[in-house]
There are 2 protein chains.
Amino acid sequence: MSTLRLGVFVSGSGTNLQAILDACRTGRIAAQVAVVISNNREAYALERARQAGVPGVYIPAGSRSGSPRWEVADPCHLEVLGDYGVELICMAGYMRRLGPQVLEAYAGRVLNIHPALLPSFIGAHGQRDALRYGVRISGCTVHFADANFDTGPVIIQAAVPVLPDDDEASLAARILQQEHKIYPQAIQWYAQGRLVIEGRHVRVLNARPPTIAEAIINPGLEIF
Amino acid sequence: MSTLRLGVFVSGSGTNLQAILDACRTGRIAAQVAVVISNNREAYALERARQAGVPGVYIPAGSRSGSPRWEVADPCHLEVLGDYGVELICMAGYMRRLGPQVLEAYAGRVLNIHPALLPSFIGAHGQRDALRYGVRISGCTVHFADANFDTGPVIIQAAVPVLPDDDEASLAARILQQEHKIYPQAIQWYAQGRLVIEGRHVRVLNARPPTIAEAIINPGLEIF
């Protein structure tokens, strides 16, 4: 059986990339990472790719705050994705937007993960924004990415408590633990052809009931 | 020991009022409903008040979409709240805003419950908006209400899954089940003097760890 060819976009340390590589290697998901693309030459994710024997490609993509320079990166991305026969794009901590050509060529074939319960706390600082707001529950979301980005159709979410002594690092770590589960799971559903986009809803064919069907209540109850 | 005197604002059927009345009656919370105030003469909540032997007062408060007419309702509210010695206001499905005089007189002493994980899905249709967005996890939030309303400091949240076949009624019922737990719990913390507002954060003194400390993941995992 042929496995789904993934193109993983990264900017940083690449722990989600690692979770995907591990899930591929152990056969939990019917996919392989065909190429890793980074806008950051120094990203540790590229080293993870090297160690896994996966090609890593550095493609500059403009400054974060400046002009996106899609006219440069967009054709490069398309060429590399084509070279490696990528069927599904996985954004894994990629701190840029994809250009319009890539989004058009891969419409319905781009996944993203966000460290918050969308639509709360869109943007680049989901964990910090959740802490500042003072929510008791946050989490993470895997969704299809479209031009509007953090607003694409939701595939899977995980909710975790925010604890009184949390700082950004401890909350990020708690959320990351769930990211490393739900991202490979979403990829596996895609690989199995079980994700059906209906408008802005995603139906997971033959979905299991939620893991832990009850509520998370935070802080904990005392009177019930 | 004297119990905290609550003024509960309602517009509809009053299931949260009922949960509060029950929690008071059974002694789970050290509070009593001193008065129920409704902007809707026909609200079933007023009948619940009557059955519980609690005074119910109808105070018109303008049309929902029209001018708030605070100049009329605001002094009425203040007078009734004063008459019944209300120490804490609990908005429980009250479909109007409180006027500036009440909010000033009761600054830091107004609670509200919202049927979504704030800051997601503010406004009057939290459950419907969550369904339309396509989230996998929603919930409810008890928070201090300020002039900006749905954005006040969060006290407690509960997260529940959104299921594939949910309609607005089934999701609302699942969330309501949690509302009926977290609202009395928040009132009890207030009554015990355990809620400390620090900027836009609320510290619950001696808070228990979350009820169910793990994640809710929805749809359920298959590969982990």
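I will try to describe carefully the structure that is included in this document. (Residues numbered from 1 in each chain as written. Chains lettered and ligands numbered in written order. Predicted model: local features only at pLDDT ≥ 70, side-chain atom pairs only at ≥ 80, totals over all residues. Heavy atoms only, no water.)

**With respect to the pairing of strand β6 (residues 137-144) of chain A**
Residues and elements named next belong to chain A. Which entries qualify depends on this criterion: For every residue, the accessible area obtained with a 1.4 Å probe (protein chains only) is divided by the maximum for its type, and the residue is called buried under 20%, exposed over 50%, and partly exposed between those limits. Secondary structure elements are defined from DSSP: runs of H or I of at least 4 residues count as helices, runs of E of at least 2 residues count as strands, and each element is numbered from the N terminus. Strands are labelled as partners when DSSP assigns at least two bridges between them.
Of all eight residues making up β6, eight are buried, and the element is well covered by its neighbours. Across the two faces of β6 the burial is the same, with Ile137, Gly139, Thr141 and His143 and Ser138, Cys140, Val142 and Phe144 all buried. Where strand β5 (residues 110-114) lies against β6, four bridges are found, and the strand directions are antiparallel. Looking across to β6, one finds that His114 is bridged to Thr141. Of the strand pairs in this sheet, β6 and strand β7 (residues 154-161) are connected by seven bridges, and their pairing is antiparallel. By the bridge assignment, Cys140 is partnered in β7 with Ala158.

**What to know about empty space enclosed by the protein**
This is how the line gets drawn: Only protein atoms enter the 1 Å grid used here. Points where a 1.4 Å probe fits but cannot escape make up a cavity, open sets with protein on both sides within 12 Å along at least five of seven lines make up a pocket, and a residue lines them when an atom lies within 4 Å of a point. Grid points are joined across faces, edges and corners, and a volume is the space filled by probe spheres set on the points. Nonpolar residues are Ala, Val, Leu, Ile, Met, Phe, Trp, Tyr, Cys and Pro. Charged residues are Asp, Glu, Lys and Arg, and all others, Gly as well, are polar.
Scanning the entire structure with this criterion turns up one cavity of 30 Å³ or more. The computed volume of the largest cavity comes to approximately 100 Å³. Contributions of two or more residues to the lining of the largest cavity are made by β6 of chain A together with β6 (137-144) of chain B. When grouped by side-chain class, the residues that make up the lining of the largest cavity number eleven nonpolar, five polar and no charged.

**Looking at the interface of chain B and chain A**
Interface size is commonly expressed as the accessible surface area that is lost when the partners come together. This is how the line gets drawn: Should any heavy atoms of two residues lie within 4.5 Å, those residues are counted as being in contact. Summed over both partners, the accessible surface that disappears when two parts come together, traced with a 1.4 Å probe, is what is meant by buried area. The rule for a salt bridge is simple: a side-chain nitrogen of Lys or Arg has to be within 4 Å of a carboxyl oxygen of Asp or Glu. Each polar contact in these results corresponds to two N or O atoms within 3.5 Å; when the atoms are within protein, one needs to be able to donate a hydrogen and the other to accept it, and residues that are neighboring in sequence are counted only if both atoms are side-chain atoms.
Taken together, the contact pairs 60 residues of chain B with 60 residues of chain A. Summing both partners gives a buried area of about 5,300 Å² for chain B against chain A, and 56% of it is carried by carbon and sulfur. Its largest share of buried area at the contact with chain A, chain B owes to Tyr133, Glu222 and Ile223 of chain B, together 14% of the area lost on that side. Inspection of the chain B/chain A interface yields zero salt bridges. For the pair chain B and chain A, the interface holds 29 residue pairs in polar contact (both at pLDDT 80 or more). For the side of chain B that touches chain A, the secondary-structure elements that each account for two or more residues are α5 (126-133), β7 (154-161), α6 (168-191), β9 (201-204) and β10 (216-218) of chain B. For the side of chain B that touches chain A, the residue count by class is 35 nonpolar, 13 polar and twelve charged. With three bridges joining them, strand β10 (residues 216-218) of chain A and β7 of chain B adopt antiparallel strand pairing. Across the sheet, the residue bridging to Ile217 of chain A is Ala158 of chain B, located in β7 of chain B.

**Comments concerning the side chain of Asn16 of chain B**
Residue and element names in this part refer to chain B. In this fold, Asn16 is placed in helix α1 (residues 15-25). Exposure remark for Asn16: the relative accessible area of 7% places this residue in the buried category. In terms of polar contacts, Asn16 uses its side chain to reach the side chain of Glu179, at 2.8 Å. If near-sequence neighbours (up to four positions away) are discounted, Asn16 is found in contact with Ala92, Ile113, Leu176, Glu179, His180 and Tyr183.

**Here we look at the nonpolar core**
Here is the rule we go by: What is meant by a nonpolar core is a set of buried Ala, Val, Leu, Ile, Met, Phe, Trp, Tyr and Cys residues, joined one to another through side-chain atoms within 4.5 Å.
Formed by 54 residues in total, the largest nonpolar core has its most connected members in Leu6, Val33, Ile155, Ile156, Ile182, Tyr183 and Ile187 of chain A. It is helix α6 (residues 168-191) of chain A that contributes the most residues to this core, eight residues altogether. Leave out the neighbours within four places in its chain, and Ile187 of chain A touches Leu4, Leu6, Ile20, Ile29, Ala31, Leu88, Cys90 and Leu111 of chain A. Ranked by size, the runner-up nonpolar core spans 53 residues in total, among them Leu4, Val142, Ile182 and Tyr183 of chain B.

**Points about the sheet that holds strand β2 (residues 31-38) of chain B**
Consider a sheet: its strands pair through backbone hydrogen bonds, and that pairing is either parallel or antiparallel. Quick note on the threshold: Helix axes are fitted only over the stretch in contact, all axes being lines through C-alpha atoms; the angle between N-to-C directions runs from 0 to 180 degrees.
Read from one edge to the other, the open sheet built from eight strands follows the order β10(A)-β7(B)-β6(B)-β5(B)-β4(B)-β1(B)-β2(B)-β3(B), with strand pairing classed as mixed. Only two strands of the sheet have a single partner each, and these edge strands are β10 of chain A together with β3 (56-58) of chain B. With direction set aside, neighbouring strand axes in the sheet form an average angle of 15°.

**Some details on the environment of Ala191 of chain A**
All names here are of chain A. With respect to the helices and strands, Ala191 occurs in helix α6. Exposure remark for Ala191: the relative accessible area of 29% places this residue in the partly exposed category. Ala191 sits 161 residues away from Ala30 along the chain, and the two C-alpha atoms are 6.4 Å apart.

**Points about the packing of aromatic side chains**
Residues and elements named next belong to chain B. The test is simple: Aromatic pairing here means that ring centres of Phe, Tyr or Trp (its six-membered ring) are within 6.5 Å. Orientation follows from the plane angle: under 30 degrees is stacked, over 60 is edge-to-face, and everything else is tilted.
Under the criterion given, the structure shown has four aromatic pairs over all chains. For the pair Phe121 and Tyr133, a centre-to-centre distance of 5.9 Å together with 65° between the ring planes defines the contact as edge-to-face. Here the residue Phe121 occupies a position in the loop between β5 (110-114) and α5, and Tyr133 occupies one in helix α5, the gap between them amounting to twelve residues. As far as burial versus exposure is concerned, Phe121 and Tyr133 are alike and both buried.

**A word on the sheet that holds β10 of chain B**
Spatially, eight strands are ordered β3(A)-β2(A)-β1(A)-β4(A)-β5(A)-β6(A)-β7(A)-β10(B) in an open sheet, and the strand pairing comes out mixed. Whereas interior strands pair on both sides, the edge strands pair on one side only; in this sheet they are β3 (56-58) of chain A together with β10 of chain B. With strand direction ignored, the average angle separating the axes of adjacent strands in the sheet is 15°. Pairing analysis gives three bridges linking strand β4 (residues 88-91) of chain A to β5 of chain A, with the strands arranged parallel. Bridge pairing in β5 of chain A links Cys90 of chain A to Leu111 of chain A. Packing against the sheet, helix α2 (residues 44-51) of chain A makes contact with β1 (4-10), β2 (31-38) and β3 of chain A, and its axis sits at approximately 145° to β2 of chain A.

**Regarding the side chain of Asn39 of chain A**
Residue and element names in this part refer to chain A. Looking at the element boundaries, Asn39 is found in the loop between β2 and α2. For Asn39, a relative accessible area of 11% puts it in the buried group. Here the side chain of Asn39 touches Ser11 through a polar contact of 2.6 Å, side chain to side chain. Leaving out residues up to four positions away in the same chain, Asn39 has contacts with Val10, Ser11, Tyr58, Ile59, Pro60, Ala61, Tyr94 and Arg96.

**Thoughts on the relation of the copies chain B and chain A**
Both copies of the chain are placed relative to one another by a rotation about an axis and a shift along it. What counts is decided by this rule: Here the copies were fitted onto each other by least squares, based on C-alpha atoms from residues at pLDDT of at least 70 in both.
By a simple turn and slide, chain B fits onto chain A: the slide is 0.0 Å along the axis, the RMSD is 0.0 Å, and the turn is 180°. Such a combination of rotation and displacement between the chain copies is what one expects of a two-fold axis. For chain B, the minimum C-alpha distance to the rotation axis belongs to Ser120 of chain B and amounts to 2.6 Å. When the interface residues of chain B are mapped onto chain A, 100% of them again lie at the interface, so the same face is used by both copies.

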